[in-house]
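Structure assessment
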Amino acid sequence: MQKILGLVAVAAISLAFATEAVATEWNVSLWGKRRAFTENTEKLAELVAEKTNGEFTLNISYGGLSNNRENLDGISIGAFEMAQFCAGYHRDKNPSITVLELPFLGVETLEQERELSMALYEQPAVKEDLARWNATLLMPSPMPQYNLVGLGDAPRTLDDFAGLSVRATGGIGAAMEAVDAVPTSMSATEVRQALDSGVISAAAFAPHAHMAFGTIENAKWWTTNLNPGTVNCPVVANTDALNDLSDAHRDALMSSIDEALDYYVDFYTNNTMEAWGPALDERGIERISYDAESLAAFEEAVAGPAAEAWIEDMSARGLPAQELYDFATGKLAELKGN
């Protein structure tokens, strides 16, 4: 009997070690607070835990692991296994995906943004670009077209943007320059203070961020239809960590991406956008709309020159820029045709 009990004890200890051996924890670096923008990652964590019975967990940290502009650096050295970042925060680090931040690219829906991003992420030049940071692109965080909230006199015509200091990154910044505004690039967490202190007079965000980062709390106006573009913000994994996963855990992660994105798009559409109008009304924020002729002239002045400049700049860096641009615009045309 004693021998049997001994064998049972050994088996129990062995099982405990085996269970510990297969358990996997990843640290995930986000910023700000939980909001529509992070629901893809939150849902991914939920699905992975469910599929693995808690053996594979994603520990999400909002600002506790890294500065949002340094998430890609943290991924490169393995400081954490997963992170979200925005291409416009550091164009030089991820030049290939900034093609999706070109102004007036023509994306109309979150679904188009999702499909276009996922297709671009599979391009060899894009994979090679992110591989420099030991990063594998997992999924985008699709956002609608950016618009501006601001203080002071509202820009009722495009001419009124002259001299206006605006938080605008990437291609949106280029669009603002075209109407003689003064774009400033800063991370999302810095914007409210800059706006309240008068460092900037307006900020370009998608609706969820205007609510999450409080830019509407003291705002006086909102541009309803300027729609100069959006920002591409992927979720990436450290490639070594991804390769080190067991087959079962890797499958649990990768097979959950589509479902996480489905949830994200539904949440943004049916929760965030439903709350946006009432949030403006409650604060008495004036809606500023521009006529079709002015918008067409704005797009004509910005879109072509910005694309040409991007292709020239990225080609000089050794990227197949024309190929990436043609792929993005061709894929978008295909998506609009479906």
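Throughout what follows, the structure given in this document is the object of discussion. (Residues numbered from 1 in each chain as written. Predicted model: local features only at pLDDT ≥ 70, side-chain atom pairs only at ≥ 80, totals over all residues. Heavy atoms only, no water.)

Focus on the state of the cysteines
Filter applied, for reference: Note on terminology: disulfide denotes any pair of cysteine sulfur atoms within 2.5 Å. Going along the chain from the N terminus, every DSSP run of H or I of four or more residues is numbered as a helix, and every run of E of two or more is numbered as a strand. Summary of the burial criterion: residues with accessible area below 20% of their type's maximum are buried, those above 50% are exposed, and those between are partly exposed, where the area comes from a 1.4 Å probe applied to protein chains only.
With the rule as written, the count across this model stands at 1 disulfide. The disulfide partner of Cys86 is Cys233, and the gap between their sulfur atoms is 2.1 Å. For the disulfide bridge between Cys86 and Cys233, the dihedral angle about the S-S bond is near 100°, and by the sign convention the bridge is right-handed. In this pair, Cys86 sits in the loop between strand 3 (82–84) and helix 4 (110–121) while Cys233 sits in the loop between strand 9 (221–223) and strand 10 (235–238), placing the two residues 147 residues apart along the sequence. Residue Cys233 is classed as buried on the basis of its relative accessible area of 1%.

Quick word on the side chain of His90
Put simply, the test is: In protein, a polar contact requires one atom able to donate a hydrogen and another able to accept it; more generally it is a pair of N or O atoms within 3.5 Å, and residues adjacent in sequence count only if both atoms are side-chain atoms. Note on contacts: a residue pair qualifies if any of its non-hydrogen atoms lie within 4.5 Å across the two residues.
Topologically, His90 is positioned in the loop between strand 3 and helix 4. Separated by 2.8 Å, the side chains of His90 and Asn94 make a polar contact. The contacts of His90, once residues within four sequence positions are left out, are Arg69, Leu72 and Phe85.

Let's talk about the pattern of salt bridges
The criterion, for reference: Should a side-chain nitrogen of Lys or Arg be within 4 Å of a carboxyl oxygen of Asp or Glu, the pair is scored as a salt bridge.
Here the structure, examined in full by the defined rule, presents 19 salt bridges. Where Arg34 meets Glu39, a salt bridge forms, and the shortest distance between an N and an O atom there is 2.7 Å. Among the salt bridges present, the one from Glu42 reaches Arg34, with a minimum N-O distance of 3.6 Å. One salt-bridge network, held together by shared partners, links Arg114, Glu115, Asp258 and Asp262.

Observations regarding empty space enclosed by the protein
Here is the rule: A 1.4 Å probe that fits but cannot get out identifies a cavity on a 1 Å grid over protein atoms alone, an open set with protein on both sides within 12 Å along at least five of seven lines counts as a pocket, and a residue lines either if it has an atom within 4 Å of a point. Grid points are joined across faces, edges and corners, and a volume is the space filled by probe spheres set on the points. Three categories are distinguished: nonpolar for Ala, Val, Leu, Ile, Met, Phe, Trp, Tyr, Cys and Pro, charged for Asp, Glu, Lys and Arg, and polar for the others, with Gly belonging to the last.
Evaluation of the coordinates by the stated rule reveals 2 cavities of 30 Å³ or more. Size it by volume and the largest cavity reaches roughly 120 Å³. Around the largest cavity sit 16 residues that line it, and Cys86, Tyr89, Tyr146, Ala188 and Phe205 are the ones nearest its centre. Taken as a whole, the second largest cavity spans an internal volume of roughly 50 Å³. As for the second largest cavity, its lining consists of Leu100, Leu102, Leu105, Gly106, Val107, Glu113, Gln145, Gly229 and Thr230. The class makeup of the residues in the lining of the second largest cavity is 4 nonpolar, 4 polar and 1 charged.

What to know about the sheet that holds strand 8 (residues 202–205)
Defined as follows: Here a strand pair is declared whenever DSSP counts at least two bridges between the two strands. As a rule, the C-alpha atoms of each element are fitted with a line to give its axis, helices using only the stretch in contact, and angles between N-to-C directions run from 0 to 180 degrees.
An order of 7-6-8-5-9-11 is seen for the 6 strands of this open sheet, with the pairing classed as mixed. On the outer flanks of this sheet lie strand 7 (182–184) and strand 11 (286–288), each paired with one strand and no other. Strand after strand, the sheet turns through a mean of 25° between neighbouring axes, direction not considered. With 3 bridges joining them, strand 6 (residues 165–167) and strand 7 adopt parallel strand pairing. Within strand 7, the position partnered with Ser165 by the bridge is Val182. Contacts between helix 7 (residues 188–197) and the sheet are confined to strand 6 and strand 8, with strand 8 contributing the most and set at about 155° to the helix.

Digging into helix 11 (residues 257–282)
We apply this condition: In a helix, the anticipated span is given by 1.5 Å times the number of residues less one. Values of bend correspond, residue by residue, to the angle between axes fitted over the seven residues ending at that residue and the seven starting there.
Over its 26 residues, helix 11 extends 36 Å from the first C-alpha to the last, a length consistent with the 38 Å expected when each residue adds 1.5 Å. The largest bend in helix 11 is about 30°, located at Tyr268. Listed as buried for helix 11 are Ile257, Ala260, Leu261, Tyr264, Val265, Tyr268, Thr272, Trp276, Gly277, Ala279 and Leu280. Following helix 11 by one or two positions, Gly284 adopts a phi angle in the positive range, close to 65°.

Describing the packing of helix 12 (residues 292–316) against helix 13 (residues 321–337)
Spelled out, the test is: Oblique is the label for any angle not covered by the other classes, which are roughly parallel (under 35 degrees), roughly antiparallel (over 145) and roughly perpendicular (65 to 115).
The contact between helix 12 and helix 13 brings their axes to 8 Å, and the two run at 140°. Judged by the angle between their axes, helix 12 and helix 13 are oblique. For the pair helix 12 and helix 13, contact is made by Ala307, Trp310, Ile311, Met314 and Ser315 and by Ala321, Gln322, Leu324 and Tyr325, respectively. Each residue belonging to the contact of helix 12 with helix 13 can be placed in one class, and the counts come to 7 nonpolar, 2 polar and no charged.

Don't take any of this as a statement about function, it's just geometry.
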